[in-house]
Amino acid sequence: MHDVSFLRDLAIVMLVAGATTVIFHRLRQPVLLGYILAGVLIGPNVPGPMVSDPRTINGIANLGVVLLMFTLGLEFSVGKLRRVGAGVMAVAVAEVAGMLWLGYEFARLLGWAGRDALFLGAAMGLSSTMIASRMLSEHGLRRAPFAQKVVALLVAEDVLSVVLITLLTAIAVSGSVAPDAVLQVLGRISLFVIVALVLGLLLLPRLVDYIAGFGRDEMLLVAVLGICFGASLLASWFGFSVALGAFIAGAVVAESRSVARISHLVEPLRDMFAALFFVAIGLLIEPQLLWQYALPALGLAAVLMLGKTLLCGLGIFLAGDRPRDALRTGLSMAQIGEFSFVIATIGLSLKATGPSVYPVIVAVSVVCMALAPHGLRHADGLANVIGRLLPRSWRTLMAGYGGWLEQLGPVSGNAARAAIFRRLIWHIGVNVALVVALFVAGAYVNIHQYGLFLHFGIGGDLRHTLIWAAALFLSLPMLIAVYRKAEALGMVLAELGISEDFAGTYTHTVRAVLARLIPLGVLLALALLISALSSTILPPRGVALALVAVGLVTALILWRALVRLHASFQSAIKETVERDGD
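1. Some points on the overall build of the protein
Consideration 1: Along the backbone of the protein there are 26 helices and 0 strands.
Consideration 2: Classification of the 582 residues of the protein by burial places 46% in the buried group.
Consideration 3: Within the protein, contacts between residues at least 6 apart in sequence are counted, and of these 80% link residues at least 24 apart.
Consideration 4: Only carbon and sulfur atoms are counted for the fraction: they give 68% of the accessible area of the protein, which is about 29000 Å².

2. Points about the packing of helix α12 (residues 259-283) against helix α16 (residues 338-349)
Consideration 1: The contact between α12 and α16 brings their axes to 12 Å, and the two run at 50 degrees. In terms of axis orientation, α12 runs oblique to α16. α16 is crossed by α12, and the crossing has left-handed handedness. Contact residues: Phe277, Phe278 and Ile281 in α12; Glu338, Phe341, Val342 and Thr345 in α16.
Consideration 2: Of the residues contributing to the contact of α12 with α16, the split by class is 5 nonpolar, 1 polar and 1 charged.

3. A few points about the packing of helix α10 (residues 217-237) against α12
Consideration 1: Contact geometry of α10 with α12 gives a least axis separation of 10 Å together with a crossing angle of 75 degrees. The orientation of α10 with respect to α12, classified from their angle, is roughly perpendicular. Between α10, through Asp217, Leu220, Leu221, Val224 and Leu225, and α12, the contact on the second element is made entirely by Arg261, Ile262, Leu265, Val266 and Leu269.
Consideration 2: Within the contact of α10 with α12, the residues separate by chemical class into 8 nonpolar, no polar and 2 charged.

4. Regarding a nonpolar patch on the surface
Consideration 1: The grouping of Ile194, Val195, Val198, Leu199, Leu202 and Leu203 at the surface amounts to a nonpolar patch, some 560 Å² of accessible area in total.
Consideration 2: Residue classification places Val195 among the partly exposed positions, given a relative accessible area of 39%.

5. Examining the pattern of salt bridges
Consideration 1: Within the structure shown, the criterion is met by 7 salt bridges.
Consideration 2: A salt bridge links Asp380 to Arg324; the nearest nitrogen and oxygen atoms lie 3.7 Å apart. Of this pair, Asp380 sits in helix α18 (residues 379-389) while Arg324 is found in helix α15 (residues 323-332), placing the two residues 56 residues apart along the sequence.
Consideration 3: Asp380 is paired through a salt bridge with Arg328; the nearest N and O atoms lie 2.9 Å apart. Within this pair, whereas Asp380 is found in helix α18, its partner Arg328 is found in helix α15, the two being separated by 52 residues in sequence.

6. Observations concerning the nonpolar core
Consideration 1: By size, the foremost hydrophobic cluster in this structure holds 118 residues, and its most contacted members are Met69, Phe278, Ile281 and Val364.
Consideration 2: Not counting the four nearest positions on each side in its chain, Ile281 is found in contact with Ile36, Phe341, Tyr358 and Val362.
Consideration 3: Core analysis: the next-biggest nonpolar cluster, separate from the first, contains 25 residues, Phe439, Ile480, Val482 and Ile537 among them.

7. Re the confidence of the model for the protein
Consideration 1: Taken over all residues, the pLDDT of the protein has a mean of 76, while the share at 70 or more is 80%.
Consideration 2: Ranking the helices and strands of the protein by mean pLDDT puts helix α14 (residues 294-318) first, with 87, and helix α23 (residues 500-503) last, with 56.
Consideration 3: For the stretch residues 410-414, pLDDT sits under 50, and the model shows 4 contacts to residues farther than four places along the chain or on other chains.
Consideration 4: When the criterion is pLDDT under 50, residues 576-582 qualifies, and its contacts beyond four places in sequence or with other chains add up to 0 contacts.

8. Observations concerning the side chain of Ser258
Consideration 1: Take Ser258: it is sitting in the loop between α11 (242-253) and α12.
Consideration 2: You can call Ser258 buried: its relative accessible area is 12%.
Consideration 3: Look past the residues within four positions of Ser258 in its chain and what remains in contact with it is Asp209 and Ala212.

9. Section: the packing of aromatic side chains
Consideration 1: Counted according to the given criterion, the structure contains 3 aromatic pairs.
Consideration 2: Judged by centre distance (5.3 Å) and plane angle (80 degrees), the ring pair of Tyr210 and Phe214 falls under edge-to-face.
Consideration 3: Relative accessible area serves as the criterion here: at 47%, Phe214 is assigned to the partly exposed category.
Consideration 4: A ring pair is formed by Tyr483 and Trp559, whose centres lie 6.4 Å apart and whose planes are at 85 degrees; its orientation type is edge-to-face. You can see Tyr483 sitting in helix α22 (residues 461-497) and its partner Trp559 sitting in helix α26 (residues 559-581), a full 76 residues away along the chain.

10. A few points about helix α6 (residues 114-124)
For an α-helix, 3.6 residues make a turn, and residues three or four places apart therefore share a direction.
Consideration 1: Judged by how many residues are buried, α6 sits mostly within the fold: 9 of 11 residues are covered.
Consideration 2: The set of residues buried in α6 consists of Asp116, Ala117, Leu118, Phe119, Leu120, Gly121, Ala122, Ala123 and Met124.

11. Considering the side chain of Asp209
Consideration 1: Tracing the backbone through its elements, the reader meets Asp209 in helix α9 (residues 179-212).
Consideration 2: Despite its burial, Asp209 pairs with no opposite charge, the nearest such side chain being Arg257 at 4.0 Å.
Consideration 3: Within polar-contact distance, the side chain of Asp209 engages the backbone nitrogen of Arg257 at 3.2 Å.
Consideration 4: Setting aside chain neighbours within four positions, we find Asp209 in contact with Ser256, Arg257 and Ser258.

12. Observations concerning the environment of Leu120
Consideration 1: Along the chain, Leu120 falls in helix α6.
Consideration 2: Distance from Leu120 to Phe106, taken between C-alpha atoms, is 9.5 Å for residues 14 residues apart in sequence.
Consideration 3: Not counting chain neighbours up to four residues away, the residues in contact with Leu120 comprise Gly103, Ala107, Trp112, Leu300, Val360 and Ile361.

Rules of the game
- Residues numbered from 1 in each chain as written.
- Predicted model: local features only at pLDDT ≥ 70, side-chain atom pairs only at ≥ 80, totals over all residues.
- Heavy atoms only, no water.
- Helix = DSSP H or I, 4+ residues; strand = E, 2+ residues; numbered from the N terminus.
- Buried < 20%, exposed > 50% of the residue type's maximum accessible area, 1.4 Å probe, protein only.
- Contact = heavy atoms within 4.5 Å.
- Areas by Shrake-Rupley, 256 points an atom, 1.4 Å probe, with all protein chains shown as cover.
- Axes fitted to C-alpha atoms, helices over the stretch in contact; angles between N-to-C directions.
- Parallel < 35°, antiparallel > 145°, perpendicular 65-115°, else oblique.
- Left-handed = near helix turned anticlockwise from the far one by under 90°.
- Nonpolar A, V, L, I, M, F, W, Y, C, P; charged D, E, K, R; others polar.
- Patch = residues over 30% accessible without salt bridge, like charges linked within 9 Å, V, L, I, M, F, W, Y side chains within 5 Å.
- Salt bridge = Lys/Arg side-chain N within 4 Å of Asp/Glu carboxyl O.
- Core = buried A, V, L, I, M, F, W, Y, C linked by side-chain atoms within 4.5 Å.
- pLDDT = per-residue confidence, 0-100.
- Phe/Tyr/Trp six-rings, centres within 6.5 Å; stacked < 30°, edge-to-face > 60°.
- Lys, Arg positive; Asp, Glu negative; His and termini not counted.
- Polar contact = N/O pair within 3.5 Å; in protein donor to acceptor, adjacent residues only side chain to side chain.

Right, dumping it as structure tokens:
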């Protein structure tokens, strides 16, 4: 009898999804929004529910997650990742990290637990490929120059979403955000992913191509779906999310020569199970909780839309796009979607989050889905308003930056200048890596050698203070070297990029500003990186600020000595390398 009830519920879900598609298409609203609202209306949390069996709801949700993640895995490929480019990938990393931090801090202000805040922040960091693509298509902007950057950002976010899902699964399985517990589970997950990918890439593409050789579409479709559900079941047996297994299966199958044919066969299923997935999201929502968390959800939606627009827009502008196109890119990314819901579902299914996280993520997504198309539609008017409000000095600086990037175009063809750039960037990168290594080593000592400190009666904040202070003061020679190399890089870029023909009477001023901004920007980025890496060993805020002040004074007093120390260290390494090379 249960089988009949499951079929009845599945039929209701599909009928409602079909009707929703037509209605919301006529209303020119995102159809995903309609799926979620339809799920709420037929779910168990409203009077007279049509679908009330929790096993059916969980089955539909898991089915939707598995097929959605599998099709997203099919669309992932190393070639796509290569075409994204380092600049766009850097923008995506900064945007996802920034939104994760904003979401986390906002949730902590609301009094949420650390794990709930982390899941919420991760969900806010990822945009919806479906919604963004559909918005661009509906506005006739698929072939616009900025649309290519939107697509590239979405591909980069897909990669980052897998990393986030892996980390969050580790946190959910370990039951805490303690670094040692998370690292232990993360090691298990990494081992599972590596083994699954290696074995999968060795066996499955050949098997899929062999089956495709028979020329029967139904045989090929059934085989790849079997691989999909088998990988999901395997991940579940090991205690991980079914979403992770499905994505790995899709990524492995994508390496077969028959991937184009498989994608064509799976495309109708993708649309059908995407509908199932989003209707299932609505089935799990309690309307009273949406009302209860309405104000936090509205606040988070505002933070998300403004934050993503600014972070993506600013990043794309710094990467070289025009301000107007950068704004359009940011507005196109100002929503959350598939992977965010997968994160919410993982937290709910593994009991890693409280009852507030899921409805808030859904409510935020609903608000963003409804408003994002209007933002993109009025992008030109918004750009004109911002242009009028910006001070003239800012507009001049932005125009100068764009012209500077154009001036730098021929540099890659000049061997001497290219060598200067490579050497300076290489030196900065090596010193940054040394600083990062010191703080990572400090975090390792804090986790694995705390017993040694306890033996001497040192614990808690005092241990963190000693370790962090040691890492900071040992880093001073490298930090000074980073600043000096970044200052030289800024001067070179200013001289090459800002010509008198371009900046006129402002040439000296613009060059001076640029020469100062680059080293300060490098140090700011390094400070943020150190803060993130040393989060487990940070002393109390007042102590940390005092140590930074002492470090600055020490660096100023011993500047020349530290420069000589770093030069000696660098020469010793160079001599050793050259001697070994002989």
